[in-house]
Amino acid sequence: MTTSVVLEKVEKRYGVFDVIHGIDLQIDPGEFAVFVGPSGCGKSTLLRMIAGLEEISGGALMMDGERMNEVVSSERGIAMVFQSYALYPHMSVYKNLAFGLETAGYKKADIEPRVQQAARVLQIEPLLQRKPKALSGGQRQRVAIGRAIVREPKLFLFDEPLSNLDAELRVQMRVEIARLHRQLGNTMIYVTHDQVEAMTMADKIVVLNAGRIEQVGRPLDLYNHPVNRFVAGFIGSPKMNFLEGMVEATNGETTTIRVCGASVTLPRGLRHVETDMPVTLGIRPEHLDREESSGIKLADLQIDLVENLGDETLLYARSPDGQPINMSLAGQQVIFNGSTIPAHFDVAHCHVFGPDGKAL
Amino acid sequence: MGNKMTGRPAVAIAAAGPPHHPPQVPQHRQRKPQPTSWFGRTWQGSGPGYMFLLPWFIGFFGLTLGPAIVSFYLSFTDFDLLRSPNWVGMANYVRIATSDPKFAASMGVTLFFVLFSVPLKLAFALGVAVVLNRGIRGLPVYRAVFYLPSLLGTSVAIAVLWRQLFASDGLVNSILAEFGIQGPSWISHPSYSIWTLIILSIWQFGSPMIIFLAGLRQIPTDMYEAASLDGASKLRQFIKITLPLLTPVIFFNAVVQTIDAFKAFTPAFIISGGTGGPINSTLFYTLYLYQEAFGFFRMGYASALAWVLVVIIALFTAFSFLTARFWVHYDD
């Protein structure tokens, strides 16, 4: 059972403060959509508006073509997993899972198999008689998800469900939620501030900033073709390098940019660009290399710090004109702090942003 | 004592080592010699702390523990304030248990008062706390206004006011008369007089209300949100979430209010004029104890009555704690 979710010019106001500014969005049936953005960008508010926990100040929320603005949350066919798990501490795991069904008036005989089924899916059968205080963080999270599953909702909402877990458990639960989505096939909306979660789990990422959508798309589309500097900086880890420069020359075929004290010619023409225009060159750390064969030369970099992670080596460096640049090299490299190495980049993987932050 | 490692005398080892010269410490920085006696060491460590505690110690030993011990001794005597106390053994307690109709009457009145005033007061306090917890404007003002009766409630002035309100020609009957109802003589009628005291007790709901309010604030909002997504009505949320999560606070309030109710004295004393009338209907246990002590100067007997009350309150409290594990939910 899946559902489509459409937001039409959805707004949220608290008094005179606008926090969500007319959002348009379509989430297709069965899709795993992730709202991602920095703290305070409005992603949780938007999710709570879909859940019916926050009133919608303007615009329309449509589910399967029906307007839901005025429908109470319990009748929207949704289930939500909270950041704090929101388990009832005085009830056993079984009672927590059964609460929604009991409230809906299901008979005991009908509740039991559904609770058992959810417990089986989440591998929490041995925990059913325990109270939440006797569970670990990961187990509590499973119970919270189980409580959502038993109701067999059309739409699952997750509000930063993994942020209270340690790094190892977070990776484990991430995989489990993705597996659960494949298994159940329901539409899911997932809120996180962690772009790694967004990249690894989403069918569709919605990048939010200050109550507006910056970009919507598949994870790799956002990674490869960010529409502006915000998305480019937010998606990808380590973060993209932004190097301030100036257009030296441009024609329909090539664009020469003065950056890091050198002239770099990109073999492509850029729209709306003129000579002496300030631009920002965006290059991801993993797209920089010291080998000449990897692309055109950017600059000789002064290495401030080397981090050997085993599978990759992170370099924190500085360009000749003092701009910070990070590099990520594959494997284990022998590079010393304070040394100088050349940096080359593949022009196919570089981005240019105009003074307004939009991709050119 | 020999050295276990080498078998040689410890003194010999010490003597074999290089000569040891302790570093010279300036005269003014040299530490004072440590006192050798237990008292001296304790005083140097904690003396100032005990000095600060002294007023409390004087109060505790002089006004609480001392009189309590003395009253326990007096409960086995026939002390009457005028003559030296004579040891009478268990006689006072035997009389309480076997041949004092007023003990049974006053205990009955007190139990009736506890049984009705405590649950009604707690229910009323919880109701007001729930209303105030809805984030209404001017909450601090309402909180203060509702708390005020608790501060004034046990005072003589309020008891006098209560007496006026519930008098035959008092305000309550005047209001009832507006609706054509002939109100009874609340205070002078044995069936109603205890209820005026119960209502007065309920009116002093401020203290448990503040504690309930604090307890309600501790319940995370997202539990209610999760329940509302499950379709739980406000009433179901209250019964299934609020009440169970509030049980530690309910338990605390119930114990404190029960002890307070057992000890209630001033309202009954003022409203009945110290008699416990009409027909012993407001003869609270403490009022009876007061009559015995300061009316008839039977200090020994009154002391025994006081200790019986202590035991009864202790039993009630112990019973509450024993049952708590069946209905009080602690998160951790």
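Calculation criteria
Residues numbered from 1 in each chain as written. Chains lettered and ligands numbered in written order. Predicted model: local features only at pLDDT ≥ 70, side-chain atom pairs only at ≥ 80, totals over all residues. Heavy atoms only, no water. UniProt positions renumbered as here; feature names shortened; annotations may be inferred. Domains from an automatic or database assignment. Contact = heavy atoms within 4.5 Å. Buried area = accessible area lost by both parts, 1.4 Å probe. Salt bridge = Lys/Arg side-chain N within 4 Å of Asp/Glu carboxyl O. Polar contact = N/O pair within 3.5 Å; in protein donor to acceptor, adjacent residues only side chain to side chain. pLDDT = per-residue confidence, 0-100. Pairing = 2+ DSSP bridges. Helix = DSSP H or I, 4+ residues; strand = E, 2+ residues; numbered from the N terminus. Axes fitted to C-alpha atoms, helices over the stretch in contact; angles between N-to-C directions. Nonpolar A, V, L, I, M, F, W, Y, C, P; charged D, E, K, R; others polar. Buried < 20%, exposed > 50% of the residue type's maximum accessible area, 1.4 Å probe, protein only.

For chain A, the name recorded in an unreviewed UniProt entry is Sugar ABC transporter ATP-binding protein, with Thalassospira mesophila as its organism. Annotation of chain A in UniProt includes, under Sequence similarities (unreviewed entry), the sentence "Belongs to the ABC transporter superfamily."

Residue and element names in this part refer to chain B. Taken as a whole, chain B is organised into domain 1 (35–74) and domain 2 (92–327). Centre-to-centre separation of domain 1 and domain 2, based on C-alpha positions: 35 Å. With four residues of domain 1 at the interface, the matching set in domain 2 holds four residues. Considering only the side of domain 1, the residues that lose the most area to domain 2 are Ser-71, Phe-72 and Leu-74, jointly responsible for 91% of the buried surface there. The interface formed by domain 1 and domain 2 holds zero salt bridges in total. The tally of links from domain 1 across to domain 2 stands at one residue pair in polar contact (both at pLDDT 80 or more).

Attention now goes to the confidence of the model for chain B. All names here are of chain B. On average, residues of chain B carry a pLDDT of 85, and 89% of them reach 70 or more. When the criterion is pLDDT under 50, residues 1–20 qualifies, and its contacts beyond four places in sequence or with other chains add up to nine contacts. Listed scores for the predicted complex are pTM 0.80 and ipTM 0.85.

Let us now look at the sheet that holds strand β7 (residues 155–159) of chain A. Residue and element names in this part refer to chain A. Reading across the sheet, the six strands line up as β6-β7-β8-β3-β9-β10 and stay open at both edges, with mixed pairing between neighbours. Every interior strand has two partners, whereas the edge strands, β6 (78–81) and β10 (212–217), have only one. For this sheet, the mean angle separating the axes of adjacent strands, direction not counted, is 15°. Note that β6 and β7 share four bridges and pair parallel. Paired with Val-81 across the bridge in β7 is Phe-158. With respect to the sheet, helix α1 (residues 43–51) is in contact with β3 (32–36), β6, β7, β8 (187–192) and β9 (204–209), its orientation differing from that of β7 by roughly 150°.

Attention now moves to the domain arrangement of chain A. Residue and element names in this part refer to chain A. Under the domain assignment, chain A is made up of domain 1 (5–234) and domain 2 (241–245 + 280–353). Interface area for domain 1 against domain 2, summed over the two sides, is near 700 Å², with a carbon-plus-sulfur share of 54%. Among the residues domain 1 hides against domain 2, the three largest losses belong to Tyr-223, Arg-229 and Ala-232. Together they make up 74% of the total. Inspection of the region where domain 1 meets domain 2 yields one salt bridge. Its salt-bridge partner being Glu-244, residue Arg-229 comes within 3.3 Å of it at the nearest N-O pair. Counting every contact that joins domain 1 to domain 2 gives four residue pairs in polar contact (both at pLDDT 80 or more). Residue assignment for the side of domain 1 that touches domain 2 shows that the elements contributing at least two residues are α7 (219–224) and α8 (229–234). Residue composition of the side of domain 1 that touches domain 2, grouped by class: four nonpolar, three polar and one charged.

Let us look at the pattern of salt bridges. In this structure the tally under the stated criterion is 22 salt bridges over all chains. Here Arg258(A) ties to Glu248(A) by a salt bridge, and the two come within 4.0 Å at their closest N and O atoms. Residue Arg258(A) is found in strand β12 (residues 255–259), and its partner Glu248(A) is found in strand β11 (residues 241–250); the two are separated by 10 residues along the sequence. Exposure remark for Glu248(A): the relative accessible area of 35% places this residue in the partly exposed category. In this structure, Arg83(B) engages Asp80(B) in a salt bridge whose closest nitrogen and oxygen atoms are separated by 2.6 Å.

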